[in-house]
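Each chain is listed here by its residues.
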Amino acid sequence: MREESSIFSLAAYDYELPRELIAQTPVEPRDQARMMVLWRRRECWEHRRFFELPTFLREGDVVVVNNSRVLPARLYGRLDRGGRTRLIEVLLLRPLLPETTGPERWQVLLRPGRRIRPGDVLRFPADVRASVVDRTPEGDWVLALESPRPLRNLLDDIGWMPVPPYIVRRDPTLAEQDRQWYQTVYAKVQGSIAAPTAGLHFTSRVIQALQDRGVRWCEITLHVGPGTFRPVRVPDIRCHRMDPEWYEIPPDVWDTLQDARRHGRRVLVVGTTTTRALESAAQHDPPRLSGWADVFIYPGYEFRVVRNLLTNFHLPKSTLLMLVCALGGYEFVLRAYREAVRERYRFYSYGDCMLILDE
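Computed from a predicted model, the values in this text were never measured in an experiment. (Residues numbered from 1 in each chain as written. Predicted model: local features only at pLDDT ≥ 70, side-chain atom pairs only at ≥ 80, totals over all residues. Heavy atoms only, no water.)

1. A few points about the overall build of the protein chain
Consideration 1: Counting its secondary structure elements, the protein chain contains 9 helices and 17 strands.
Consideration 2: Radius of gyration (C-alpha) of the protein chain: 21 Å, near the 21 Å computed for a compact globule of 359 residues.
Consideration 3: On the principal axes, the C-alpha backbone points of the protein chain span a range of 65 × 45 × 40 Å.
Consideration 4: Looking at the protein chain residue by residue over its 359 residues, the buried ones come to 55%.
Consideration 5: Sequence-distant contacts in the protein chain: of pairs separated by 6 or more residues, those separated by 24 or more amount to 70%. (Helix = DSSP H or I, 4+ residues; strand = E, 2+ residues; numbered from the N terminus. Rg over C-alpha atoms; globule rule 2.2 N^0.38 Å. Buried < 20%, exposed > 50% of the residue type's maximum accessible area, 1.4 Å probe, protein only. Contact = heavy atoms within 4.5 Å.)

As structure tokens, then:
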């Protein structure tokens, strides 16, 4: 077992990953992805396929997913300055409460940000323009956006799906495919700027197979924001602070989860975002079923709700990997990651998945 201090070191969450194992497109059909099954208490694993997921569940068990829908939140605008035009990439992070009526204000990431100054004006298709207002304490930017219609109503026309930068920009045909690929089949409530990627493997036939076995299907909402992917920049991970993300859990879903646990039924939580929503709710007495999830989960965390988890393979040094290590055990999970590399699993958002079971 590692010294406690090293478990809190950012460097402890690094691992070697060959570049060719970073998935650039999903497998087709989605449910053919590989699934590495980890038996946490026995510290052993087996290699399966995602479509076999229903065989690990029984009648009365529960699957809980995040039904947030991804916004086409990446925009490309023009910055005209000094007779030169530059292309600026904008990633919408979240709308800000307006201080007065007028242009919509959004917290955004800009690239290349070093060329931007307050007062700059960006122009987009569909007569959308934005004035650069200021920087936030996190180092993001604030834009005041003016458009002929509410911006959210225009995003399907002018926005691109915000796939992560490790998915290298491909030809326009594949970029259009991202609108389908980078969305779960059960996505409903629009508001995320990144996909809850563990859910990308589900197909209608897998969901039907679960229901045929008598497994209960539950949905909650957490709108994925920068907190999910913002990098840890401090050497001691305990000093990191998560950006809050909005979540809502229907009361009947919470009751279903508690009833299943009382009767010894397995509750399978799909994804780190669903995990953070449930664990954030459980921090309060009585549970807070809507609000801002800001819990940072790393080894040593005492889980109140989650015991079983379906998740993808995550980036080195990420808060997502730290969460998985907290649930599955640091040493065991990192061994499993090394095994996944040896077995040529596909990593990250469009990659394969890991099923951690509390047995």
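Now that the structure is up, let's keep going.
2. Some words on helix 9 (residues 330–342)
Consideration 1: Here helix 9 spans 19 Å end to end across 13 residues, near enough to the 18 Å set by a 1.5 Å rise per residue.
Consideration 2: Within helix 9 the residues assigned to the buried category are Tyr330, Phe332, Val333, Leu334, Ala336, Tyr337, Glu339, Ala340 and Val341.
Consideration 3: Elements in contact with the buried residues of helix 9: strand 1 (34–39), strand 2 (44–49), strand 16 (308–312), helix 8 (319–328) and strand 17 (353–357). (Expected span 1.5 Å × (residues − 1).)

3. Looking at the pairing of strand 14 (residues 267–270)
Consideration 1: Residue alternation in strand 14 divides its side chains into two sets, Val267 and Val269 and Leu268 and Val270, and both sets are buried.
Consideration 2: Sheet topology places strand 3 (residues 62–66) next to strand 14; 3 bridges connect them, and they run parallel. By the bridge assignment, Val62 is partnered in strand 14 with Val267.
Consideration 3: Direction of pairing for strand 14 relative to strand 16: parallel, over a ladder of 3 bridges. Within strand 16, the residue paired with Leu268 across the bridge is Asn308. (Pairing = 2+ DSSP bridges.)

4. Some words on the packing of helix 8 against helix 9
Consideration 1: Put simply, helix 8 and helix 9 touch, their axes get as near as 7 Å, and they point 120° apart. In terms of their interaxial angle, helix 8 and helix 9 are classed as oblique. Crossing hand, helix 8 versus helix 9: right-handed. For the pair helix 8 and helix 9, the contacting residues are Leu321, Val324, Cys325 and Gly328 in the first and Tyr330, Phe332, Val333, Leu334 and Tyr337 in the second. (Axes fitted to C-alpha atoms, helices over the stretch in contact; angles between N-to-C directions. Parallel < 35°, antiparallel > 145°, perpendicular 65-115°, else oblique. Left-handed = near helix turned anticlockwise from the far one by under 90°.)

5. Let's talk about unusual backbone geometry
Consideration 1: That bond from Glu28 to Pro29 is cis: its omega, -10°, falls within 30 degrees of zero.
Consideration 2: Inspection of the secondary structure assignment puts Pro29 in the loop between helix 1 (4–7) and strand 1.
Consideration 3: Each neighbour pair has its own omega, and for Asp285 with Pro286 the value is 0°, a cis peptide bond.
Consideration 4: Take Pro286: it is sitting in the loop between helix 7 (272–282) and strand 15 (290–293).
Consideration 5: Even without being a glycine, Ala126 presents a positive backbone phi close to 60°.
Consideration 6: In this structure, Ala126 sits in the loop between strand 8 (121–124) and strand 9 (128–135).
Consideration 7: Given the relative accessible area of 35%, Ala126 is considered partly exposed.
Consideration 8: At Asp127, a position not held by glycine, the phi torsion is positive, near 60°.
Consideration 9: By the element assignment, Asp127 lies in the loop between strand 8 and strand 9.
Consideration 10: For Asp127, a relative accessible area of 69% gives the class exposed.

6. Section: the packing of helix 7 against helix 8
Any two packed helices are characterised by how steeply their axes cross, that is the angle between the axes, and by the distance between the axes.
Consideration 1: Viewed as axis vectors pointing N to C, helix 7 and helix 8 meet at an angle of 65°, and their least axial separation amounts to 11 Å. Put simply, helix 7 runs roughly perpendicular to helix 8. For the crossing formed where helix 7 meets helix 8, the hand is left-handed. Mapping the contact onto sequence places Thr272, Thr275 and Arg276 in helix 7 and Leu320, Leu323 and Val324 in helix 8.
Consideration 2: Class assignment of the residues belonging to the contact of helix 7 with helix 8 gives a composition of 3 nonpolar, 2 polar and 1 charged. (Nonpolar A, V, L, I, M, F, W, Y, C, P; charged D, E, K, R; others polar.)

7. Points about the sheet that holds strand 10 (residues 141–146)
The pairing of strands in a sheet happens through backbone hydrogen bonds and is either parallel or antiparallel.
Consideration 1: Read once around its circumference, the closed barrel built from 6 strands follows the order 5-6-7-10-9-8, with strand pairing classed as antiparallel. The sheet shows a mean angle of 45° between the axes of neighbouring strands, taken without regard to direction.
Consideration 2: In this structure, strand 7 (residues 104–111) lies alongside strand 10, joined through 5 bridges in antiparallel fashion. Within strand 10, the residue paired with Glu104 across the bridge is Leu145.

8. Some points on the environment of Arg179
Consideration 1: Within the secondary structure, Arg179 sits in helix 3 (residues 172–181).
Consideration 2: Owing to a relative accessible area of 26%, Arg179 belongs among the partly exposed residues under this scheme.
Consideration 3: Here the alpha-carbon distance between Arg179 and Trp160, two residues 19 residues apart in the chain, equals 7.9 Å.
Consideration 4: Every residue in contact with Arg179, bar those within four places of it in the chain, is listed here: Pro72, Asp156, Gly159 and Met161.
Consideration 5: A distance of 2.5 Å separates a polar atom in the side chain of Arg179 from the backbone oxygen of Gly159. (Polar contact = N/O pair within 3.5 Å; in protein donor to acceptor, adjacent residues only side chain to side chain.)

9. Here we look at helix 7
Consideration 1: By the criterion of burial, helix 7 is predominantly enclosed, with 11 of the 11 residues buried.
Consideration 2: Along helix 7, the residues classified as buried are Thr272, Thr273, Thr274, Thr275, Arg276, Ala277, Leu278, Glu279, Ser280, Ala281 and Ala282.

10. With respect to the side chain of Thr272
Consideration 1: Looking at the secondary structure, you find Thr272 in helix 7.
Consideration 2: For Thr272, a relative accessible area of 7% corresponds to the buried category.
Consideration 3: Apart from residues lying up to four places away in sequence, Thr272 is in contact with Leu309, Thr311, His314, Leu320, Leu323 and Val324.

Purely geometric stuff here, so don't read any function into it on its own.
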